[in-house]
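# Structural description and commentary
Chain by chain, the residues:
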Amino acid sequence: MTILVTGGAGFIGSNFIFYWLDKHPEDKVICLDKLTYAGNLSTLRPVMDSPSFKFVKGDICDKKLVFELFKNERPEYVVNFAAESHVDRSITGPEVFLQTNYMGTATLLEACREFGVGRYHQVSTDEVYGDLPLDRPDLFFTEDSPLHTSSPYSASKAAADLLVQSYVRTFGAPATISRCSNNYGPYQFPEKFIPLMVINALNDEPLPVYGDGLNVRDWLFVEDHCRAIELILRGGRVGEIYNIGGHNEWRNIDVVRLVLQELNRPESLVQYVSDRKGHDRRYAIDPEKIRDELGWLPQTGFEGGLKRTLRWYLDNRPWWRDIVSGEYREYYQKMYGGR
Ligand code: NAD
Ligand code: TDX
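Only a predicted model underlies this, so the values are computations on that prediction, with no experimental measurement involved.

Thresholds, definitions, all that
Residue numbers run consecutively from 1 along every chain, following the written order of its sequence. A letter from A marks each chain and a number from 1 marks each ligand, given out in the order of writing. With the structure being a predicted model, the display of local features is reserved for residues of pLDDT at least 70 and the display and counting of side-chain atom pairs for 80 or more, all residues being used for whole-chain, interface and lining totals. Note that water and hydrogens are dropped before the side-chain values are worked out from all heavy atoms of the structure. To sort residues, take the accessible area from a 1.4 Å probe on protein chains only and compare it with the maximum for the residue type: under 20% means buried, over 50% means exposed, and anything in between is partly exposed. For the purposes of this entry, the term helix denotes a DSSP run of H or I that reaches at least four residues, the term strand denotes a run of E that reaches at least two, and both are numbered from the N terminus. Pairing between strands requires that DSSP locate at least two bridges from one strand to the other. A molecule or strand has a residue near it when one of that residue's heavy atoms lies within 4 Å. Surface accessibility in these figures is a Shrake-Rupley result with a 1.4 Å probe; residues are shielded only by whichever protein chains are displayed. Residue polarity is assigned by list, with Asp, Glu, Lys and Arg as charged and Ala, Val, Leu, Ile, Met, Phe, Trp, Tyr, Cys and Pro as nonpolar; anything else, Gly included, falls into the polar class. We call two residues contacting when some pair of their heavy atoms lies within 4.5 Å. Polar contact is the term for a pair of N or O atoms within 3.5 Å; when the atoms are in protein, one must be able to donate a hydrogen and the other to accept it, and sequence-neighboring residues count only if both atoms are side-chain atoms.

### Digging into the pairing of strand β1 (residues 2-6)
- Burial within β1 is extensive, with five of its five residues counted as buried.
- Alternating residues of β1 divide into T2, L4 and T6 and I3 and V5, and every residue in both groups is buried.
- Where β1 meets strand β2 (residues 28-33), five bridges bridge the pair, whose relative direction is parallel. What sits directly across from V5, in β2, is C31.
- Taken together, the four bridges between β1 and strand β4 (residues 77-80) define a ladder with parallel strand orientation. Each residue of the ladder has a partner; that of I3, found in β4, is Y77.

### Points about the site of ligand 2
- In the neighbourhood of ligand 2, 22 residues make up the surrounding shell, with E127, Y153, R276, H279 and Y336 lying closest.
- Look at ligand 2: alone it shows 660 Å² of surface, and the protein chains cover 94% of it.
- If you list the elements that add at least two residues to the shell around ligand 2, you get α7 (193-202) and β8 (207-210).
- Grouping the constituent residues of the shell around ligand 2 by class yields 10 nonpolar, seven polar and five charged.

### Concerning the environment of A158
- Tracing the backbone shows A158 in helix α6 (residues 152-171).
- With 30 residues separating them along the chain, A158 and V128 place their C-alpha atoms 5.4 Å apart.
- Discounting residues that sit within four places of it in the chain, A158 has contacts with V128, L147 and T149.

### Description of the site of ligand 1
- For ligand 1, the set of nearby residues contains 28 residues, the closest of which are I12, D33, S85, Y153 and K157.
- In the environment of ligand 1, an oxygen atom lies 3.1 Å from a nitrogen or oxygen atom belonging to the backbone of F11.
- Here T100 contributes a side-chain N or O atom positioned 3.1 Å from a nitrogen atom of ligand 1.
- Going through the elements one at a time, α1 (11-23), β5 (119-125) and α6 are the ones with two or more residues in the shell around ligand 1.
- Tallied by class, residues from the shell around ligand 1 come to 12 nonpolar, 12 polar and four charged.

Spatial relationships are all this shows, so hold off on functional conclusions.
Below is the structure:
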């Protein structure tokens, strides 16, 4: 069986490739990735020489390349992780988000239609539901919550979801969609909240907390997300959406405090900075559907998962040092300088 994983040189896609090859060594995994700033070939080093793995550098928007790949490899499963994924970048430059997240999905769906696949899975996000108020802890996102997007990033992801649903209805595409909460774990790009805080703390640099630090995110260890996608591919119903999240809500400032405590760094490193435009207040997933239909439950608790993640960043300094010493410095200056 051949499985095509797009965006597999990024954070969740690479963890998914490791997970899949470990669980299904008889399968062939092909990774299609453009290697944008967020893609890192060194991440895939552990599997690069495996006969079960093949890396293809390319853009999911490149119809000729994508069609050629489908024609030659005939993947049975396609899992689309490829995306521009950082909300802050979508605020300073939305176009590439629309191009990759929407048009890239369109190209993959067309290739599935032309060549036929067993399953197409769209990796979406809980951000398509917008946010929940802090004073209503009884509210959660269900699969029926209305789409209510706040950023160009979430709008581009919601648009892609609607396109996938239209292909199910009109063309009978064997597609599913998952909407997961915030992931954390090894190989997450340093621009994202947890690795950014960890790396700054290790470098004894200020930890920039947006606004009042009271925004709430529902954190899930990346391996739990990978297992949920596997279950959806195997047993999820075509045309369905599955929310993924583990009832693990944390205020940003409390995550920062925990990181500082674990790394034995002082709280004086916290620096409140001006808020993100349109900053979503609270995300919280109701995972009842995936639990009841597919038996999925998260297996990694937050404190254990965070410890594993911190250990990974401590043990893999060359991985993130290479990133933060390059063009990332310019990004950081532009995003945080004088904020
Ligand atoms: P990431 O930014 O770490 O990785 C994205 C990968 O996609 C990179 O390897 C990049 O090179 C590749 N890519 C970008 N544009 C491409 C293109 N046009 N063609 C081919 N490859 C391209 O992202 P991530 O955090 O691993 O997120 C993966 C997916 O999961 C995204 O679709 C994101 O929306 C979704 N998601 C992420 C989270 C999270 O917390 N990180 C939560 C829910 C859903
Ligand atoms: O420097 C920071 N300071 C800060 O306070 C950064 C980078 C973030 N934050 C806050 C903003 C959010 O409230 O931390 C929270 C998490 O921020 P991000 O890591 O940027 O994640 P978020 O905006 O919640 O979106 C994430 O979850 C859903 C992923 O990046 C998306 O790809 C995914 O779809």
